[in-house]
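# Breakdown of the fold
Here are the chains, one letter per residue:
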Amino acid sequence: MIRNATADDLPLVRELWRAFEDEIPDAEWREDDSAEDLRKLEDALGREITLLANDVGLAIAEKKGDRLGYLHILYVRPEARGTGVAAALAREVVSQLRARGADVLELDVLASNDGARAVYERWGFTPVELTLAAPLDVLEQRLAGRPAGPTFGSVHVQTDDAGSVERAVQKLLPRFGRSAGTSVGGPRNGWVAVHDELCDREPKLLQRLGRELSYALAAVVLAIGVEEGAVVRYTLFDRGGAVDEYASVPEYHGELPPGDVVALGANPTVVARLTGAAPAHVREVARTARSPEELPPAPELVEAIAEVMGVAEAGHGWVPSS
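Below you will find a few notes about this structure. None of the values given here were measured: they were computed from a predicted structure.

Another point: the overall build of the protein chain. Summing up its helical and strand segments, the protein chain has twelve helices and eleven strands in all. In summary, the protein chain has a C-alpha radius of gyration of 27 Å against a globular reference of 20 Å for 322 residues, an excess of more than 25%. Overall, the protein chain is about 85 × 40 × 40 Å in size when its C-alpha atoms are taken along their principal axes. Looking at the 322 residues of the protein chain, the share that counts as buried comes to 39%. Contacts spanning at least 24 positions in sequence make up 62% of the contacts within the protein chain whose residues lie at least 6 apart. For the protein chain, the exposed surface amounts to about 18,200 Å²; the carbon and sulfur share of it is 50%. Side chains of the protein chain carry 34 positive and 52 negative charges; the gap between the two charge centres is 6 Å.

Here you go:
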């Protein structure tokens, strides 16, 4: 099934390489170097490790230095996946590299290629270095020191028992760090609101407080806030588990895999089930965008989203008592 390619196989090797390039395109800002790649393919035949699995799979590898092997491509046509072809090609690559004295294999994989990354991680590959990219417009804006707006948040527990919330907050918050103050208010509309100065400063602690209150009180809890005056983020917890996560600008802090972007959109069905909100209103208000400029100002948006859920006092952080 697995064999070394010869000069006679060059048309098939080219065909499989083009199929790979078409299925997993390079980043749009990179120049098309397919002609150079095809020239290297011709040079590799008979010199580097070039393997074929009938007419459905291709692997190309070489030895670099004393110990290192490098896998340039491992490709299997879609109709042959899940049949062990990729693993068979990889085993033969390992065997031939070991015979040449290598004991480590490296490869590159696009961050967007979730399927391949999952397979490689299952085989034992771990990240060594990351290639990062940023559009110059975004980089220029960030380096110019974009003025940051306010960061604040609040936690809302679905209960009428304000006393139990206050006791839980008093027990949990000292483990988080030093806070200038905390307030527990309500109930209003069946929610008890918690505002804390430390959680205003540290959005991750706001989420942690929401999770731990949900677990401790076996309740539905909403942790919601604004980050840098630009992004609205919330998490709905039910008995300690996160059941819906939302960010108005999912990629505000950097590019994410497409699946993560989708996951950070509001789930109207879940929100409706836990808060009684109308799904159509959730879809209308809790929208996502690529930049804050495409949405209402975050301080307004956070209040609008909270209002849809029937939650009050979400438009501000902790306020010192006068």
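Our focus in this paragraph is the sheet that holds strand β7 (residues 182-188). If you trace the six strands from one edge of the open sheet to the other, you get β7-β8-β6-β9-β10-β11, paired in antiparallel fashion. Strands at the two margins of the open sheet, each flanked by one partner only, are β7 and β11 (241-247). Neighbour-to-neighbour, the strand axes of this sheet turn through a mean angle of 15°, independent of strand direction. Judged from the five bridges that link them, β7 and strand β8 (residues 191-196) form a sheet pairing that is antiparallel. Across the sheet, residue Ser183 finds its bridge partner in β8, namely His195. In the packing of helix α6 (residues 162-172) onto the sheet, the strands contacted are β6 (152-157), β7 and β8, and the crossing angle to β7 comes to about 160°. Most of the contacts of helix α12 (residues 298-308) go to strand β9 (residues 220-227), to which it runs at about 165°, and overall it touches β6, β9, β10 (231-238) and β11.

Inspection of every chain in the model, using the stated rule, returns three cavities of 30 Å³ or more. In this structure, the largest cavity spans a volume of roughly 50 Å³. Top contributing element to the lining of the largest cavity by residue count: β9, with four residues. Looking at the lining of the largest cavity residue by residue, the classes come out as six nonpolar, three polar and two charged.

According to the stated counting rule, one finds twelve salt bridges in the structure shown. The closest approach of N and O atoms between Glu48 and Arg47, which form a salt bridge, is 2.6 Å. Arg233 is paired through a salt bridge with Glu227; the nearest N and O atoms lie 2.8 Å apart. Overall, the relative accessible area of 11% leaves Glu227 in the buried class. Salt bridges sharing common partners tie together Arg175, Arg208 and Glu212.

A few words now on helix α10 (residues 268-275). The element α10 is extensively covered by neighbouring structure, given that six of its eight residues are classed as buried. Within α10, the full set of buried residues consists of Pro268, Val270, Val271, Ala272, Leu274 and Thr275. Of the surrounding elements, those touching the buried residues of α10 are β8, β9, β10, β11 and α11 (279-285). Of the residues that open α10, the one with a side-chain oxygen 3.1 Å from the backbone nitrogen of Thr269 is Asn267. At the exit of α10 stands Gly276, carrying a positive phi of roughly 80°.

All right, on to the sheet that holds strand β2 (residues 49-53) then. Across the sheet, which stays open at both edges, the five strands sit in the order β1-β2-β3-β4-β5 with mixed pairing between neighbours. Whereas interior strands pair on both sides, the edge strands pair on one side only; in this sheet they are β1 (2-4) and β5 (104-107). Put simply, the sheet's adjacent strands are angled 30° from each other on average, direction ignored. Against the sheet, helix α1 (residues 10-23) engages β2, β3 (57-64) and β4 (68-76), with an angle of about 85° to β4. In the packing of helix α3 (residues 85-99) onto the sheet, the strands contacted are β1, β2, β3, β4 and β5, and the crossing angle to β2 comes to about 155°.

Parameters at a glance
Residues numbered from 1 in each chain as written. Predicted model: local features only at pLDDT ≥ 70, side-chain atom pairs only at ≥ 80, totals over all residues. Heavy atoms only, no water. Helix = DSSP H or I, 4+ residues; strand = E, 2+ residues; numbered from the N terminus. Rg over C-alpha atoms; globule rule 2.2 N^0.38 Å. Buried < 20%, exposed > 50% of the residue type's maximum accessible area, 1.4 Å probe, protein only. Contact = heavy atoms within 4.5 Å. Areas by Shrake-Rupley, 256 points an atom, 1.4 Å probe, with all protein chains shown as cover. Lys, Arg positive; Asp, Glu negative; His and termini not counted. Charge placed at Lys NZ, Arg CZ, Asp CG, Glu CD. Pairing = 2+ DSSP bridges. Axes fitted to C-alpha atoms, helices over the stretch in contact; angles between N-to-C directions. 1 Å grid on protein atoms, 1.4 Å probe; cavity = no way out; pocket = protein on both sides within 12 Å on 5 of 7 lines; lining within 4 Å. Points joined across faces, edges and corners; volume = space filled by probe spheres on them. Nonpolar A, V, L, I, M, F, W, Y, C, P; charged D, E, K, R; others polar. Salt bridge = Lys/Arg side-chain N within 4 Å of Asp/Glu carboxyl O. Polar contact = N/O pair within 3.5 Å; in protein donor to acceptor, adjacent residues only side chain to side chain.

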